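Listed here are the chains, written in short residue letters.
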Amino acid sequence: DAGITQSPRHKVTETGTPVTLRCHQTENHRYMYWYRQDPGHGLRLIHYSYGVKDTDKGEVSDGYSVSRSKTEDFLLTLESATSSQTSVYFCAISEGRTTNEKLFFGSGTQLSVL
Amino acid sequence: AQSVTQLGSHVSVSEGALVLLRCNYSSSVPPYLFWYVQYPNQGLQLLLKYTSAATLVKGINGFEAEFKKSETSFHLTKPSAHMSDAAEYFCAVTSPLSGTSYGKLTFGQGTILTVHP
């Protein structure tokens, strides 16, 4: 299994509070991604990173920010959590060599915003 | 823009029966197509991928998929279902013309496969 650790695994928070999710990899892969998974929507890309301090938006980036200060860590921040951000969040990594390369996924973070 | 539609959010089969999970794509350029599987409380794992080398693609655990350009389809099949195949399956698409957009996949809605004894 790819060395991807997401923390926390579960979190319950209140509307309006900031939340930070962490993804840590030991593979030294260049690309890192944050996806959210919701029933009926599959997985949707929030943000991704193609290197240290290099990030870009995905299709559902509103209300989220990211940071990558080290190759191994990619942080996802909900500045002011809303109930619509209740979801399962997955971090993924890839080497960044070809457009058809596989993604390796973490085990996910279940976030509930009350 | 690219999109993927998975027909049927739930599919139920008996153990030993044929598994057929349907995926249709929309893309203005030749696509790369993937099937991922998600077991309960786990992340996704790659089953197989189509990258234009061969239209019939074989993956892990006895699964295979056939790319049919005329039908814009990439259906996933397995001749004989096992109980261990019970999971959620996702079809996904990207494009070889995505430039630096490595790994930026567009996923379908997912199909939950149930296998009955």
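Higher on the page you've got the structure.
Residues numbered from 1 in each chain as written. Chains lettered and ligands numbered in written order. Predicted model: local features only at pLDDT ≥ 70, side-chain atom pairs only at ≥ 80, totals over all residues. Heavy atoms only, no water.

**Q** Just give me the short version of the overall build of chain A, but keep the residues and values in it.
**A** Broken down by element type, chain A carries zero helices and 11 strands. Computed over the C-alpha atoms, the radius of gyration of chain A is 13 Å, within 12% of the 13 Å expected from 2.2 N^0.38 for a compact globule of 114 residues. With the C-alpha coordinates of chain A rotated into their principal frame, the extents come out at 40 × 30 × 25 Å. Looking at chain A as a whole, 49% of its 114 residues qualify as buried. Nonlocal contacts in chain A, meaning residues at least 24 apart in sequence, comprise 54% of its contacts between residues at least 6 apart. (Helix = DSSP H or I, 4+ residues; strand = E, 2+ residues; numbered from the N terminus. Rg over C-alpha atoms; globule rule 2.2 N^0.38 Å. Buried < 20%, exposed > 50% of the residue type's maximum accessible area, 1.4 Å probe, protein only. Contact = heavy atoms within 4.5 Å.)

**Q** Help me get a handle on the pattern of salt bridges, residues and values and all.
**A** All chains considered together, the criterion is met by six salt bridges over all chains. Two residues, Arg44(A) and Asp38(A), come together in a salt bridge whose shortest N-O distance is 2.9 Å. Put simply, Lys78(B) and Asp85(B) hold a salt bridge, and the shortest N to O gap is 2.9 Å. Here Lys78(B) and Asp85(B) have matching classes, each one buried. Overlapping salt bridges bring together Arg22(A), Lys70(A) and Asp73(A) as one network. (Salt bridge = Lys/Arg side-chain N within 4 Å of Asp/Glu carboxyl O.)

**Q** Break down the nonpolar core for me, with residues and values.
**A** Residue and element names in this part refer to chain B. Residues Trp 35, Leu 48, Leu 76 and Tyr 89 are the most contacted members of the largest nonpolar core, which totals 27 residues. Contributions of two or more residues to this core are made by strand E2 (10-14), strand E3 (19-26), strand E4 (32-38), strand E5 (44-50), strand E7 (64-68), strand E8 (73-78), strand E9 (87-94) and strand E11 (111-116). What Tyr 89 contacts, discounting residues up to four positions off in sequence, is Gln 6, Leu 21, Trp 35, Tyr 36, Val 37, Leu 47, Phe 63, Leu 76, Gly 110, Thr 111 and Leu 113. (Core = buried A, V, L, I, M, F, W, Y, C linked by side-chain atoms within 4.5 Å.)

**Q** An account of the sheet that holds strand E7 (residues 64-70) of chain A is needed here, citing residue identities and associated values.
**A** All names here are of chain A. One open sheet accounts for four strands, arranged E1-E3-E8-E7; its pairing is antiparallel. Sheet topology places strand E1 (4-7) and E7 at the edges, where each strand pairs with a single neighbour. Taken over all neighbouring pairs, the strand axes of this sheet differ in orientation by 15° on average, direction set aside. Bridge analysis of E1 against strand E3 (residues 19-25) gives four bridges, and the strand direction is antiparallel. Residue pairing for E3: Ile 4 is matched across the bridge by Gln 25. (Pairing = 2+ DSSP bridges. Axes fitted to C-alpha atoms, helices over the stretch in contact; angles between N-to-C directions.)

**Q** I'd like a description of the pairing of E11(B), backed by residues and values.
**A** Residue and element names in this part refer to chain B. Burial along E11 is one-sided: the face carrying Thr 111, Leu 113 and Val 115 is buried and the face carrying Ile 112, Thr 114 and His 116 is not. With five bridges connecting them, E2 and E11 associate as parallel partners. Directly across from His 10, in E11, lies its bridge partner Ile 112. Pairing of E9 with E11, which is carried by three bridges, proceeds in the antiparallel orientation. Residue pairing for E11: Glu 88 is matched across the bridge by Ile 112.

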